[in-house]
Amino acid sequence: GADTMSIAGDTTIAAGAQLNALNGALDLQGSLGIYGALSAPGAGKVFTVGGSWTLDAGGSFTTNSGRVTFDTNASAVITGNTTFYDLWVNESGGKTLNFAAGSNQTIVNDLDLAGGEVDKIVLRSTVDGSTWMITVPSGMKLATDVDVKDSVAVVAGARPYILAFNSVDQKV
């Protein structure tokens, strides 16, 4: 729509720079590097990332109660400790996400991971055998056709459920 910023290549928000997308939508078809400040699209607005995600220690990401969706089947690396309001990865053709070893991704509200029956969503550490963490709120989270290795799920609150269908936990 007219209120959508679409960028075909990689996007970098430089240190000291700010991008406020609260009232619009972002369609980033490449990778995103946040070294400055990004205020994400708000609830009900689209925010898609086609490539990798980097949140530098000096950068900031404000969720604005919006959803970040990794919307291509291209492999991606998630670097930094990011707090997402909603995080969705829905690719029936499969997708590999490599999380920086030792990093923690925090989900405030909703986590939805859905791959294909044959081509799963593959979640790995950037260093084989080194853990990465995901912190999820209480309540049910959904994972369908996912293959996970080297992950530790941390639950914020009581009664956590990660309901996994046709998924594999690659325990060492």
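This report concerns the structure included in the present document. In this text, all values refer to a predicted model and were calculated from it rather than measured experimentally.

**A word on the pairing of strand E12 (residues 83-90)**
Thinking step 1. Taken together, the four bridges between strand E10 (residues 67-70) and E12 define a ladder with parallel strand orientation. Paired with Val68 across the two strands is Leu87, which belongs to E12.
Thinking step 2. Of the strand pairs in this sheet, E12 and strand E14 (residues 104-114) are connected by seven bridges, and their pairing is parallel. The residue of E14 that forms the bridge with Trp88 is Asp112.

**Focus on the pattern of salt bridges**
Thinking step 1. Applying the stated criterion to the full structure yields four salt bridges.
Thinking step 2. Note that Lys45 is salt-bridged to Asp3, the shortest N-O span being 3.5 Å. In this pair, Lys45 is assigned in the loop between strand E6 (37-39) and strand E7 (47-49) and Asp3 in the segment before strand E1 (4-7), connecting sequence segments 42 residues apart.
Thinking step 3. You can call Lys45 partly exposed: its relative accessible area is 31%.
Thinking step 4. Looking at Asp3, the relative accessible area reads 42%, which means it is partly exposed.
Thinking step 5. With its nearest N and O atoms 3.9 Å apart, the salt bridge here joins Asp145 to Lys120. Separated by 25 residues along the polypeptide, Asp145 in the loop between strand E16 (132-144) and strand E17 (146-149) and Lys120 in the loop between E14 and strand E15 (121-125) bring together distant segments of the chain.

**Focus on the pairing of strand E13 (residues 95-99)**
Thinking step 1. Here E13 shows a buried face lined by Lys95, Leu97 and Phe99 and an unburied face lined by Thr96 and Asn98.
Thinking step 2. With three bridges connecting them, strand E11 (residues 76-79) and E13 associate as parallel partners. In the sheet register, Ala76 faces E13, and the bridge partner there is Leu97.
Thinking step 3. Where E13 lies against E15, five bridges are found, and the strand directions are parallel.

**With respect to the sheet that holds strand E3 (residues 18-20)**
Thinking step 1. Across the sheet, three strands lie side by side as E3-E6-E9; this open sheet has parallel pairing. Each end of this open sheet is capped by a strand with a single partner; those strands are E3 and strand E9 (60-62). When the angles between neighbouring strand axes are averaged without regard to direction, this sheet yields 5 degrees.
Thinking step 2. Sheet analysis places E3 next to E6, joined by three bridges and oriented parallel. Looking at the pairing, Gln18 lines up with Ala37 of E6.

Cut-offs and rules
Residues numbered from 1 in each chain as written. Predicted model: local features only at pLDDT ≥ 70, side-chain atom pairs only at ≥ 80, totals over all residues. Heavy atoms only, no water. Pairing = 2+ DSSP bridges. Helix = DSSP H or I, 4+ residues; strand = E, 2+ residues; numbered from the N terminus. Salt bridge = Lys/Arg side-chain N within 4 Å of Asp/Glu carboxyl O. Buried < 20%, exposed > 50% of the residue type's maximum accessible area, 1.4 Å probe, protein only. Axes fitted to C-alpha atoms, helices over the stretch in contact; angles between N-to-C directions.

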